[in-house]
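So the chains spell out like this:
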Amino acid sequence: MTPTDSPPPVPTPTTVVGARAETSTDAQTPALTEALVGARPETPTGTPTSTGTPAGARVGASTGTPTSTGTPASTGTPAGARVGASTGTPTEPATGGGTEDHRAEASKHAPATTATGAVPAATGAVPAATGPAPAATGPAPAAGYLDVFRVREFRWVFGAHLLSLLGLVVSEIALTVLVYDLTRSPLLSSLTFALGFLPYLLGGTLLAGLADRHPPRRVLVVCDLVCAGAVALMVVPATPVAGLLVLRCAVAAVAPVFQGTRMATLADILGDGDLFVLGRSLLRIVSQSALLAGFGVGGVLLTVVPARGAIALTAATFLLSALLLRLGTARRPARAAEGREGPGATWSLLRDRRIRRLMLLFWLPPFFVVVPEALAAPYADGLGVSTAALGLLMCALPVGTIAGELLAGALLSPATRVRLVAPLLLAGFLPFLLYALRPGTALAALALVAAGAAGAYTLGLDARFVAAVPEERRGRAMTLMTAGMMTVQGVGMAGAGLVAEFVPVHLVVAGAGLLALLTLGVLLATEGRDGADRHVTNR
């Protein structure tokens, strides 16, 4: 099932009805524009054009007789049709043949729509282009999660994501346990876990250019192999604790490059429309589910095999992920036209005001969202509840996030999701204010479920982001965005713990919600005045 190594050219679906060509709603081409304004007649290669027809003349007289030499075209034919040869030879499609590329499976779910009322070709008139797509009777239906799984390449990427995520979660748990067994130091054990966040900033800024300077499949496979090699070295008994921490940093530094490249590759596989948004949503849902099941699986695994044995198993998951990506995804060229852009190109993205504000909309919410999770243990202890209640508080936010994404992806149209970005961003922090009343476990869990459900704003924000970033810097931008999100979560956790040393936990959570509302409100108001991304609501 290995795909071809060289992707075919990207076509633009074209439907010709009544000698009028229209492209599909997601593929407007210069050729169509040229035809509509009366460009020179196009004829198949080797077919001579008639010599008396003015440039831009239209074919298709009402009598059904094609325009002959020197005869003006009938005025009753729709404008925009292209002149064929005087012999009646059909004109070629504006975008070439019907060759499909990797995204053909995605585009087939959104067929081109033909204009209503188009004049059909009369007998003897210039025939329509060969192989027209069937005319749709209405607007293309919104895509759904099942449509994403119909794209073969996405299924391979999804499987690789499951494996690499499983390996990452289990390796974090097993390595933390291993370091504690070797040192009996809670500080070093917790530092092992914290190192999963800190190197994101370094890798996301210094290594972001790799996502665009090299073919994406190669970047993904190499990242998985680096992780597998680092994890395999952790298994070696002679590796000291300092070496284990360095290897943990290496895995974390590679992670943003891998994730950013994978996000950009999704846009290549699914297009930059609604299928991309839903594909991203599915990967996030899996990641949130890992928070619920991954640590439990890792804990059970550690009761059966020693820590080094569990880490060895995770090395195998990284290798399997690399194999799936190598066999299941097509080879694509590097996005960047020039291959020598340094870190300055990464910062140049942030100089674009539109991209910078979208980045901030991705970065600021996680900074505040992690506060109740980071303080769940001291909050439960203050209430005097059991560890089962603590588990409920820890699971509430991911459960709400999964439910919100599934509902928004299945029930809301793409335009509605984009319009709801601002309301959902603000609504997600209103439940935090309930903590000011120091609610019990059940009420606090419900508040966190509601806050998590509002995380569906990410679907609309994904659509805006992929539309705003130039394609040749898409991998770099998504790597930087991923690195920023992970970094601010680590900073948010540490900041919440620091403030909770001096302020009651319930007031820290409520204060985080209030500060988030004020900060995001100012950012959204400023963005609204600039009228950014208005065009995306029509997608």
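Going along each chain's sequence as written, the residues are numbered from 1 onward. For this predicted model, a pLDDT threshold of at least 70 governs which residues receive local features, and a threshold of 80 or more governs which side-chain atom pairs are given and counted, while totals over whole chains, interfaces and linings are taken from all residues. By convention in this description, side-chain values take in all heavy atoms of the structure and omit both hydrogens and water.

Peer 1: Account for the overall build of the chain, with residues named and values stated.
Peer 2: Numbering goes from the N terminus for both helices and strands, where a helix is a DSSP run of H or I of at least four residues and a strand is a run of E of at least two. Helix and strand content of the chain: 21 helices and two strands. Each of the 539 residues in the chain was classed as buried or not, and the buried ones make up 49%. By sequence separation, contacts in the chain at least 24 residues apart represent 82% of the contacts at least 6 residues apart. Only the protein chains shown count as cover for residues, and all accessible areas are computed by the Shrake-Rupley method using a 1.4 Å probe. Summed over its atoms, the accessible surface of the chain is roughly 23,800 Å², and 66% of this surface lies on carbon and sulfur atoms. For the exposure calls, accessible area comes from a 1.4 Å probe over protein chains only, and a residue counts as buried if that area is under 20% of its type's maximum, exposed if over 50%, partly exposed in between. Pairs of residues are marked as contacts when any of their non-hydrogen atoms sit within 4.5 Å.

Peer 1: Got a sec to walk through the environment of Phe362? Specific residues and values, please.
Peer 2: Counting through the fold element by element, Phe362 comes out in helix 13 (residues 353-374). For the pair Phe362 and Thr482, spaced 120 residues apart in the sequence, the C-alpha separation amounts to 8.8 Å. Apart from residues no more than four positions distant in its own chain, Phe362 is found in contact with Leu461, Asp462, Phe465, Met481 and Met485.

Peer 1: Run through a nonpolar patch on the surface, naming residues and quoting values.
Peer 2: Only residues whose relative accessible area exceeds 30% and that form no salt bridge are eligible for patches; like-charged ones are grouped when within 9 Å, while nonpolar side chains (Val, Leu, Ile, Met, Phe, Trp, Tyr) are grouped when within 5 Å. Whenever a carboxyl oxygen of Asp or Glu lies within 4 Å of a side-chain nitrogen of Lys or Arg, that contact is scored as a salt bridge. On the surface, Leu498, Val499, Phe502, Val503 and Leu507 cluster together into a nonpolar patch covering about 480 Å² of accessible area. Here Leu507 is to be found in helix 21 (residues 505-530).

Peer 1: Kindly report on the packing of aromatic side chains, identifying the contributing residues and their values.
Peer 2: Two aromatic rings are characterised by how far apart their centres lie and by the angle between their planes. Each Phe, Tyr or Trp ring, with Trp reduced to its six-membered ring, pairs with another whose centre is within 6.5 Å; inter-plane angles below 30 degrees give stacked pairs, above 60 give edge-to-face pairs, and intermediate values give tilted ones. As enumerated under the stated definition, the model contains eight aromatic pairs in all. Between the aromatic rings of Phe149 and Phe154, the centroid separation amounts to 5.6 Å while the plane-to-plane angle is 70°, which identifies the pairing as edge-to-face. Measuring from centroid to centroid gives 5.4 Å for Phe429 and Phe432, while their planes differ by 75°, and the two rings are edge-to-face. On the accessibility criterion, Phe429 (3% relative accessible area) is buried.

Peer 1: Got a sec to walk through the pattern of salt bridges? Specific residues and values, please.
Peer 2: Considering all chains together, one arrives at ten salt bridges under this definition. Between Asp181 and Arg184 there is a salt bridge, and its shortest N-O distance comes to 3.5 Å. Looking at Asp181, the relative accessible area reads 42%, which means it is partly exposed. Judged by relative accessible area, Arg184 falls into the exposed class, the value being 53%. Of the charged contacts in the structure, one is a salt bridge between Asp268 and Arg335, with a shortest N-O distance of 2.8 Å. Within this pair, whereas Asp268 is found in helix 9 (residues 241-270), its partner Arg335 is found in the loop between helix 11 (307-328) and helix 12 (343-351), the two being separated by 67 residues in sequence. For the pair Asp268 and Arg335, one class covers both residues: buried. Each of Arg280, Arg284, Glu405 and Asp462 takes part in a single network of salt bridges with overlapping partners.

Peer 1: Lay out the environment of Leu313 with the relevant residues and their values.
Peer 2: Structurally, Leu313 is set in helix 11. Residue classification places Leu313 among the partly exposed residues on the basis of a relative accessible area of 44%. Sequence separation between Leu313 and Ala232 is 81 residues; the distance between their C-alpha atoms is 9.2 Å.

Peer 1: Would you mind going over helix 13 in detail, with residue names and values included?
Peer 2: The periodicity of an α-helix, 3.6 residues per turn, causes residues three or four places apart in sequence to face the same way. One fewer than the residue count of a helix, multiplied by 1.5 Å, yields its expected span. Taking 1.5 Å of rise per residue, the 22 residues of helix 13 would be expected to cover 32 Å, and the 32 Å separating its terminal C-alpha atoms lies within 8% of that figure. Polar contact is defined as a pair of N or O atoms within 3.5 Å, subject to the rule that within protein one atom must be able to donate a hydrogen and the other to accept it, and that residues adjacent in sequence are counted only when both atoms are side-chain atoms. For helix 13, the N-terminal cap is Asp352; the gap from its side-chain oxygen to the backbone nitrogen of Arg354 is 3.0 Å.

Peer 1: Go over the state of the cysteines, please, and point to the residues and values.
Peer 2: In this description, a disulfide is simply a cysteine sulfur pair whose atoms lie within 2.5 Å. One pass over the structure, following the stated rule, counts zero disulfides. Just so you know, Cys227 is unpaired, no disulfide at all, and the nearest cysteine sulfur is the one on Cys223, 6.8 Å from it. The buried category is assigned to Cys227, whose relative accessible area is 7%.

Peer 1: Quick rundown of the side chain of Thr261? Include the residues and the values.
Peer 2: Summarising the element assignment, Thr261 is placed in helix 9. Given the relative accessible area of 0%, Thr261 is considered buried. Those residues in contact with Thr261 that lie beyond four places of it in its chain are Ala211, Pro216, Val219, Leu220, Arg335 and Thr479.

Peer 1: Which residues make up the environment of Thr401, and what are the values?
Peer 2: Inspection of the secondary structure puts Thr401 in helix 15 (residues 387-411). For Thr401, a relative accessible area of 14% gives the class buried. Expressed as a C-alpha distance, the spacing of Thr401 and Ala456, which sit 55 residues apart in the sequence, is 7.1 Å. For Thr401, the residues in contact, after removing those within four places along its chain, are Gln288, Gly452 and Ala453. Looking at Thr401, its side chain comes within polar contact range of the main-chain oxygen of Leu397, at 2.9 Å.

Peer 1: Outline the packing of helix 6 (residues 199-206) against helix 9, supporting the account with residue identities and numerical values.
Peer 2: Note on geometry: axes are C-alpha line fits, over the in-contact stretch for helices, and angles between N-to-C directions span 0 to 180 degrees. Contact geometry of helix 6 with helix 9 gives a least axis separation of 8 Å together with a crossing angle of 45°. Relative to helix 9, the element helix 6 lies oblique. The handedness of the crossing between helix 6 and helix 9 comes out as right-handed. Facing helix 6, whose interface residues are Pro199, Tyr200, Gly203 and Gly204, helix 9 presents Cys249, Ala252, Ala253, Ala255, Pro256, Val257 and Gln259. Taken together, the residues of the contact of helix 6 with helix 9 break down into eight nonpolar, three polar and no charged. Under this scheme an angle from 65 to 115 degrees is roughly perpendicular, one under 35 degrees roughly parallel, and one over 145 degrees roughly antiparallel; angles in between are oblique. Crossings are sorted by hand: turned counterclockwise from the far helix by less than a right angle, the near helix makes the crossing left-handed, and turned clockwise it makes it right-handed. Residues are grouped as follows: Ala, Val, Leu, Ile, Met, Phe, Trp, Tyr, Cys and Pro are nonpolar; Asp, Glu, Lys and Arg are charged; all remaining types, including Gly, are polar.

Peer 1: I'd like a description of the nonpolar core, backed by residues and values.
Peer 2: One finds Leu270, Met359 and Phe465 to be the most contacted residues of the largest nonpolar core, which totals 106 residues. In this view, Met359 contacts Leu350, Phe465, Ala477, Leu480 and Met481; residues no more than four positions away in its chain are not counted. Nine residue types can take part in a nonpolar core, namely buried Ala, Val, Leu, Ile, Met, Phe, Trp, Tyr and Cys, and a core is a set of them joined through side-chain atoms within 4.5 Å.

Peer 1: Could you give me a rundown of the confidence of the model for the chain, with the residues and numbers involved?
Peer 2: A score from 0 to 100, pLDDT tells how confident the predictor is in each residue. On average, residues of the chain carry a pLDDT of 74, and 68% of them reach 70 or more. Confidence drops under a pLDDT of 50 for residues 1-140, and excluding neighbours within four residues, the segment shows 190 contacts in the predicted structure.

Peer 1: Can you tell me about unusual backbone geometry, naming the residues and giving the values?
Peer 2: Even without being a glycine, Arg184 presents a positive backbone phi close to 55°. Among the structural elements, Arg184 can be located in the loop between helix 4 (152-183) and helix 5 (186-194). A positive phi is found at Arg438, a non-glycine position, where the angle reads about 50°. Looking at the element boundaries, Arg438 is found in the loop between helix 17 (421-427) and helix 18 (441-453).

Peer 1: I'd love a proper account of the packing of helix 13 against helix 20 (residues 474-500), names of residues and values included.
Peer 2: Two elements in contact, helix 13 and helix 20, have axes separated by 8 Å at closest approach and are oriented at 30°. The angle between helix 13 and helix 20 falls in the class roughly parallel. Judged by the twist between their axes, the crossing of helix 13 over helix 20 is right-handed. Contact residues: helix 13 offers Met359, Phe362, Trp363, Pro366, Phe367, Val370, Val371 and Ala374, while helix 20 offers Ala477, Leu480, Met481, Gly484, Met485, Val488, Gln489, Val491, Gly492, Met493 and Ala496.

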